[in-house]
Amino acid sequence: MLEPAYQADVVIVGAGVAGLSAAHRLTSQGVTVAVLEAAPCVGGRMSTEKVDGFRLDRIGQLLSTAYPELRLAPGLDGLVLRPFAPGVLLHGDGRHHRVDAPAGARSARGALHAVRALASAPRGMPGPRLVTASRRAASRRATFRVLPGAGQGTVSRAARAAAPLGGAVDQARLGAALTRFSTVPVERLLARPELPAGQSLAARGLPARTIEGFLRPLLAALLCDPALTTSSRCADLALRAFAGGRLCVPEGGAEALPELLAQTLPTGTVHTGVRVTSVSTTSVTTAEHGEIRCRAVLLATDAQAAAELLPGLRVPDFHPVTVVHHTTDEPPRTGAALLLDADRGGPVAHTAVISEVDPSRAPSGRALISSTVLGSPPSDLETAVRTHLGRLYGTPTHRWETLAVHHTREAVPAMPAPHDLRRPVRLLAGLYVCGDHRDTSTIQGALHSAHRAATAILKDLGAAGSMHRADPTPTAQAA
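*Asks:* What is the right way to read the overall build of the protein chain from this model?
*Replies:* Helix and strand counts for the protein chain come out as 15 helices and 23 strands. By sequence separation, contacts in the protein chain at least 24 residues apart represent 74% of the contacts at least 6 residues apart. Carbon and sulfur atoms provide 51% of the accessible area of the protein chain, an area that totals close to 19,600 Å².

Next up, the structure:
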């Protein structure tokens, strides 16, 4: 238990992935750290509810194997990622349309090659393990296939032309665009003119049918923004990750990532059930333990909680997210695919038989279907979702059991244009802030903001002299 005395070089407020990742970077450099979390457990919004052997994510943000910080962040050696089937499955015009891997890194061969690169990273540069269901090689070209729906026969050439992606020429243009995304340097993406994502896609000459039928539902799943008001630079980064990696989830639920980070920190680093009531450059005050003195403070909470401790700190708008979990003993036959609604014919933006992606999330003999509703949910949510899922999967859903409905009003920080992807993490010497609200609203953004904050702290502490004094130095107390 913490005592009201000088206990650590750096106090980190918040034990989400950003705070825990920053703690790893600091402790690896010999800096003593205390992570204080008000909740009884770590993870913040990356939480997982356990119900009768099921593991149910509250938000269920998608990860990508192309996220650099999953490889660079220390403490993630043991993270196991479960990938969706390559590409996505679109439901449009009453049929399922498979969008396969668009480029080398998106093919099964390319994905496995990327995994080998992660596994062979040098010591100090750990990466997660990717568990795949199949090792079959796939084409290195973009491929788009139309799959007959339930009770349907062979799909005609006219039906193929009416696919959400448009005709063969439109599909080829889309494949070429995604291939370019997978290789273009990040610096070039960030240097492009900034517009709302929807306007930017149209300005690039992509057909409206391709945008509405594929890119809008895909970006809605990646950014939780079906209106595509997100900065085009953030959308470009999301498309780059999709084109260069595999969509995936942590094995065992979203909480597996923060729990792994917490477990691999030095014993006694993380303290839960500690409410911070005020902060300064040299101390934090807690409701349970009084003042805890330190040489630097890092706020790693969500944006709203950070602004309560530092009035005047910008609080963004948020995208609400509702996740509905169902179970059945007769799962839909979509395998491990991420299913998107190209028609936007109901409240569900995307859905998956998540137990096919990660079998550890459901008990044996049961299937877990997790579906995401973006924005404000309808008043008849349960009925509307069940009806929509019946159309999307082409199967009756009236016997499906609802396990949980998780609505998070402030789920994902909005990133409208113009958006600063590198908001300052150093407020002044001794006071820092990180989180997805300082970067991009993704797990990659949260981890990258922690990387930037830890670098700034190490630079400032290194300039201030020894880190192991009984009391903070006068230099560290200056604002």
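*Asks:* Looking at this structure, how should I read the sheet that holds strand 23 (residues 431–433)?
*Replies:* Within a sheet, each strand pairs with its neighbour through backbone hydrogen bonds, oriented either parallel or antiparallel. Reading across the sheet, the six strands line up as 12-2-1-16-23-22 and stay open at both edges, with mixed pairing between neighbours. Of all the strands in the sheet, the pair left with one neighbour each is strand 12 (270–272) and strand 22 (426–428). Across the sheet, the mean angle from the axis of one strand to that of its neighbour is 20°, orientation sign disregarded. Two elements, strand 16 (residues 296–299) and strand 23, share three bridges in a ladder whose sense is parallel. Directly across from Leu-299, in strand 23, lies its bridge partner Val-433.

*Asks:* Which parts of the structure should I look at to understand the sheet that holds strand 14 (residues 283–286)?
*Replies:* Here three strands make up an open sheet; going across it, the order is 13-14-15 and the pairing antiparallel. Each having just a single partner strand, strand 13 (276–279) and strand 15 (290–293) make up the two edges of the open sheet. In this sheet, adjacent strand axes meet at a mean angle of 25° when their direction is disregarded. Strand direction decides the pairing type here: strand 14 and strand 15, joined by four bridges, are antiparallel. If you follow Thr-286 over to strand 15, its bridge partner there is Gly-290.

*Asks:* Could you clarify how one ought to interpret the pattern of salt bridges in this entry?
*Replies:* Two side chains with opposite charge may pair up if their charged atoms get near one another. On inspection of all chains with the given rule, the structure shows 18 salt bridges. Two residues, Glu-69 and Arg-25, come together in a salt bridge whose shortest N-O distance is 3.3 Å. Of the two residues, Glu-69 is situated in helix 2 (residues 68–72) and Arg-25 in helix 1 (residues 17–27); the sequence distance between them amounts to 44 residues. Summarising the burial analysis for this pair, Glu-69 and Arg-25 share the class buried. Between Glu-251 and Arg-82 there is a salt bridge, with its nearest N and O atoms 2.7 Å apart. Remark: Arg-82 occurs in strand 6 (residues 80–83) and Glu-251 occurs in the loop between strand 11 (247–250) and helix 10 (256–263); sequence separation between them is 169 residues. Bridged by salt links that share partners, the residues Lys-50, Arg-55 and Glu-255 form one connected network.

*Asks:* Got a minute to help me understand the nonpolar core in this structure?
*Replies:* Soluble globular proteins tend to bury their nonpolar side chains together. If you look at the biggest cluster of nonpolar residues, it comprises 47 residues, and the most contacted ones within it are Phe-84, Val-88 and Phe-214. The leading source of residues in this core is helix 8 (residues 208–223), at eight residues. Discounting residues that sit within four places of it in the chain, Phe-214 has contacts with Val-88, Leu-90, Val-99, Leu-165, Leu-174, Leu-178, Arg-209 and Phe-242.

*Asks:* Got a minute to help me understand the packing of helix 8 against helix 9 (residues 232–244) in this structure?
*Replies:* Axes are the key here: two packed helices are described by the angle between their axes and the distance separating the axes. Where helix 8 contacts helix 9, the two axes come as close as 10 Å, and the packing angle between them is 95°. The angle between helix 8 and helix 9 places the two elements in the roughly perpendicular class. Residue-level contacts link Phe-214, Leu-215, Leu-218, Leu-219, Leu-222 and Leu-223 of helix 8 to Cys-234, Ala-235, Ala-238, Leu-239 and Phe-242 of helix 9.

*Asks:* Can you help me understand the environment of Pro-185 in this one?
*Replies:* With respect to the secondary-structure elements, Pro-185 resides in the loop between helix 5 (168–183) and helix 6 (186–191). Since its relative accessible area comes to 35%, Pro-185 is described here as partly exposed.

*Asks:* Would you explain the packing of helix 5 against helix 8 in this entry?
*Replies:* In the contact formed by helix 5 and helix 8, the axes pass within 11 Å of each other and the chain directions differ by 50°. One finds that helix 5 runs oblique with respect to helix 8. Read as a crossing pair, helix 5 and helix 8 show a hand that is right-handed. Residue-level inspection shows Asp-170, Leu-174 and Leu-178 of helix 5 in contact with helix 8, the latter providing Thr-210, Phe-214 and Leu-215. Its residues placed into classes, the contact of helix 5 with helix 8 shows four nonpolar, one polar and one charged.

*Asks:* Would you mind going over the side chain of Asp-439 with me for this structure?
*Replies:* Note that Asp-439 resides in the loop between strand 23 and helix 14 (443–464). With relative accessibility at 2%, the residue Asp-439 sits in the buried group. Polar contacts involving the side chain of Asp-439 include one to the side chain of His-448, which spans 3.0 Å.

What counts, and at which threshold
- Residues numbered from 1 in each chain as written.
- Predicted model: local features only at pLDDT ≥ 70, side-chain atom pairs only at ≥ 80, totals over all residues.
- Heavy atoms only, no water.
- Helix = DSSP H or I, 4+ residues; strand = E, 2+ residues; numbered from the N terminus.
- Contact = heavy atoms within 4.5 Å.
- Areas by Shrake-Rupley, 256 points an atom, 1.4 Å probe, with all protein chains shown as cover.
- Pairing = 2+ DSSP bridges.
- Axes fitted to C-alpha atoms, helices over the stretch in contact; angles between N-to-C directions.
- Salt bridge = Lys/Arg side-chain N within 4 Å of Asp/Glu carboxyl O.
- Buried < 20%, exposed > 50% of the residue type's maximum accessible area, 1.4 Å probe, protein only.
- Core = buried A, V, L, I, M, F, W, Y, C linked by side-chain atoms within 4.5 Å.
- Parallel < 35°, antiparallel > 145°, perpendicular 65-115°, else oblique.
- Left-handed = near helix turned anticlockwise from the far one by under 90°.
- Nonpolar A, V, L, I, M, F, W, Y, C, P; charged D, E, K, R; others polar.
- Polar contact = N/O pair within 3.5 Å; in protein donor to acceptor, adjacent residues only side chain to side chain.

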